[in-house]
Every structure is written in C-alpha cells, then in structure tokens.
Amino acid sequence: MSTPTPSGQKTFEGGAVGFIGLGVMGRSLAGHLLTADYPVVVYTRTRATAESAVAAGAQWAATPAELAPRCKLIFTMVGFPADVEEVFLGPKGLVNSAAPGALLVDLTTSTPSLAKKITAAASARGLAALDAPVTGGDVGAKNGKLSIMVGGDAAAFARAEPVLSLFGSTIVYHGPAGSGQHAKMCNQIMIACSMIGMCEALAYARDAGLDAQNMLKSTSGGAAASWSLQNLAPRILNGNFAPGFYVKHFCKDLAIALSSAKEMQLDLPGLGLGEKLYRDLAASGHADDGTQALWKLYEGKTAKA
C-alpha cells in the first residue's frame, strides 16, 4: 500500500520501491512506478541500461545489497533461475540485505521449486515474498496491460496488488508459493503450441497462393484468434524479428515446463515439440530474436518446385 510522507510524497509503507532488471519489459515497469510518483531505486547489471530510468528520476544502486535496505517493496525481473537465485539467496542477495518487513516480488519466469525456496528463506528473516510472473510481452509492459500470475501468502498479495495494478490489467492470485510459476507454465505451453500452429498456417497460406494479410484478416476474427496471431503474425509478415520476448528466455521457460510436467508424470507431446523447435531455433543463431522468429524454421520450407 502507498503511504504519504509529511511532505506529501508517495512511498510504499514508508520506503522506496526497488526494481532489479531493466530489460525489454523491466524498463517500462520501472517507468510506471516513476510515473505514479513512487521513489524508485534501480539496479541492473549494465549501468547504461538504467540511464533512461535515472534520467526520469530513479536512484541508482551499485548492487542488490545496496538497493535492498532502502526499499520496502522490491521487484525483480531477471533472465534465468540461476540469476533469480543469486539475486535473492546469494551472500549479498535480497533476503540477506532487505529491511525487516520488506516485500520481495519476483516477476521473472522461474521454477516453482525456487519460488518455494525463496519464500521459505524470506519468511525465516521476517520478510514476505511472492512469485508473480507476467505475460503480455513488450507491448503489455509498455501499456501497463500485463497479465500477472501470483503465488505466495495471501496477505502479502494484498499488500502488493495496488502497485501490481500499475503493471497489469489482469492480476490473479493462484495460491501458495510456486503457484504463480505453475500458472505461467500453463501460459507458456499454450503459447508454444499456438506459435507452431500460426507459423504452419502462414506456410500453408504461402504455398496455397493466398494473400497472407487477407488470411489473417479472416482468422483473427474467428475461433483461431489469439494474442500471438494479432500481435506477432504482422511482425513476421513485416520481417520484424526484434524481441518483445527473447527466444532464449522462451527456451528456458519451456524447459522448466517440460521438467515440471515430467515430475508430475504428465506426457505433453505438444510441449515437447515446441521445446525442441525453439531449442533448434536458438541453436541456429536466433536466441536473441523475438519468439516470432520461429517462422525462420518454416520460411525456407515450401512444397513448390
């Protein structure tokens, strides 16, 4: 919850809001905090990435350990589970450095087991932690229209929800620690399978001699409509493979989903195919492209002589 100071400045429970990780999506989210007049402290591994946030009024911290004591609410959006573990549980991580009573919210897509580990470690030090992965890509982050899937203590969620509303239009509490990550795995499974279908439909339309734009006009308004079809198919047709979400990060997500499914003894062949195709895509040199670059595996395949 926001708390006004005697001067009228907004704070979170009397402290600043920290943001760690200013990548494709993190930059926009930190910007929403600044626009809402919260005092914001930022850290990212490459200082240059933070320059726009600092120019807009954010304070810079040289390390997570320097950031943590200054904030009562800290968001993280980093790359991989190993990064999450270091930032939270490393010797100079947030759990060891945060002020008593602080709330730690991880927006990264990570493993459910790590989310549980972080929550337990935070609780042992009188802190609260939430796993709150997001979906909606660069467009959703920029517009504050992300979907946010939250796991952790219900009381901690109630504290965070007003600030999370700056980032997203759909915010759902799913249950105890790890539940947010499990919900995100469901999301990634659906995206992987729909991206395969979308690319195969575009390949089929090409070889059938259809106008791809007209095909999208028909299908985007019918039962096949999806976020990917509306937002990523036009990028493919325009030859735009810049990342709204990196292939390398999607590979990480699908590997987590596949591992979690195996732990549950759940056979998901569509997920398995999606994970393989994206792994092949990354290996072919497209790890830093956007997920729509899956088309690269199809654009050279044609039935025409």
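Keep in mind it's a predicted model, so treat the numbers as computed, not measured.

Scanning the protein for helices and strands turns up 14 helices and 11 strands. For 305 residues, the compact-globule formula gives about 19 Å, and the C-alpha radius of gyration of the protein, at 20 Å, lands near that figure. Dimensions of the protein, computed from C-alpha atoms along their principal axes, come out at roughly 70 × 45 × 35 Å. Expressed as a percentage of the 305 residues in the protein, the buried residues total 49%. Within the protein, contacts between residues separated by at least 24 positions form 67% of all contacts whose residues are at least 6 apart in sequence. With 25 positive and 23 negative side-chain charges, the protein shows a separation of 3 Å between the mean positions of the two kinds.

Okay, the pattern of salt bridges next. Under the criterion given, the structure shown has 12 salt bridges. Two residues, Asp 83 and Arg 45, come together in a salt bridge whose shortest N-O distance is 3.6 Å. One end of the pair, Asp 83, is in helix 4 (residues 81-89); the other, Arg 45, is in the loop between strand 4 (40-43) and helix 2 (51-55), with 38 residues separating them in the sequence. Judged by its relative accessible area of 15%, Asp 83 falls in the buried class. For Lys 276, the salt bridge is made with Asp 280, and the minimal N-O distance between the two is 2.8 Å. Linking Lys 276 with Asp 280, this pair stays in helix 14 (residues 269-286), spanning 4 residues, or about one helical turn.

Looking now at unusual backbone geometry. Non-glycine residue Asp 37 carries a positive phi angle of around 75 degrees. The phi dihedral of Gln 265 is positive, around 55 degrees, even though this residue is not glycine. With a relative accessible area of 77%, Gln 265 lands in the exposed category.

Attention now moves to the packing of aromatic side chains. Per the counting criterion, the structure on display carries 7 aromatic pairs. A ring pair is formed by Phe 19 and Phe 167, whose centres lie 6.4 Å apart and whose planes are at 80 degrees; its orientation type is edge-to-face. In this pair, Phe 19 sits in strand 3 (residues 16-20) while Phe 167 sits in the loop between helix 8 (154-164) and strand 11 (168-175), placing the two residues 148 residues apart along the sequence. You'll find Phe 19 and Phe 167 in the same group, each marked buried. Each ring, one from Tyr 43 and one from Trp 60, has its centre 5.9 Å from the other, and the planes form 35 degrees; the classification is tilted. You can see Tyr 43 sitting in strand 4 and its partner Trp 60 sitting in strand 5 (residues 59-60), a full 17 residues away along the chain.

Turning our eyes to something else, we now look at helix 14. The terminal C-alpha atoms of helix 14, which comprises 18 residues, lie 23 Å apart, in line with the 26 Å expected from a rise of 1.5 Å per residue. Among the residues of helix 14, Leu 271, Gly 274, Glu 275, Leu 277, Tyr 278, Leu 281 and His 286 are the ones counted as buried. Taken together, the buried residues of helix 14 touch helix 9 (179-207) and helix 13 (247-263).

Summarising the element assignment, Arg 235 is placed in helix 12 (residues 233-237). The exposure class of Arg 235 is buried, given its relative accessible area of 15%. Setting aside its immediate chain neighbours within four residues, Arg 235 contacts Asp 138, Val 139, Asn 240, Ala 242, Gly 244 and Gln 292.

Thresholds applied
- Residues numbered from 1 in each chain as written.
- Predicted model: local features only at pLDDT ≥ 70, side-chain atom pairs only at ≥ 80, totals over all residues.
- Heavy atoms only, no water.
- Helix = DSSP H or I, 4+ residues; strand = E, 2+ residues; numbered from the N terminus.
- Rg over C-alpha atoms; globule rule 2.2 N^0.38 Å.
- Buried < 20%, exposed > 50% of the residue type's maximum accessible area, 1.4 Å probe, protein only.
- Contact = heavy atoms within 4.5 Å.
- Lys, Arg positive; Asp, Glu negative; His and termini not counted.
- Charge placed at Lys NZ, Arg CZ, Asp CG, Glu CD.
- Salt bridge = Lys/Arg side-chain N within 4 Å of Asp/Glu carboxyl O.
- Phe/Tyr/Trp six-rings, centres within 6.5 Å; stacked < 30°, edge-to-face > 60°.
- Expected span 1.5 Å × (residues − 1).

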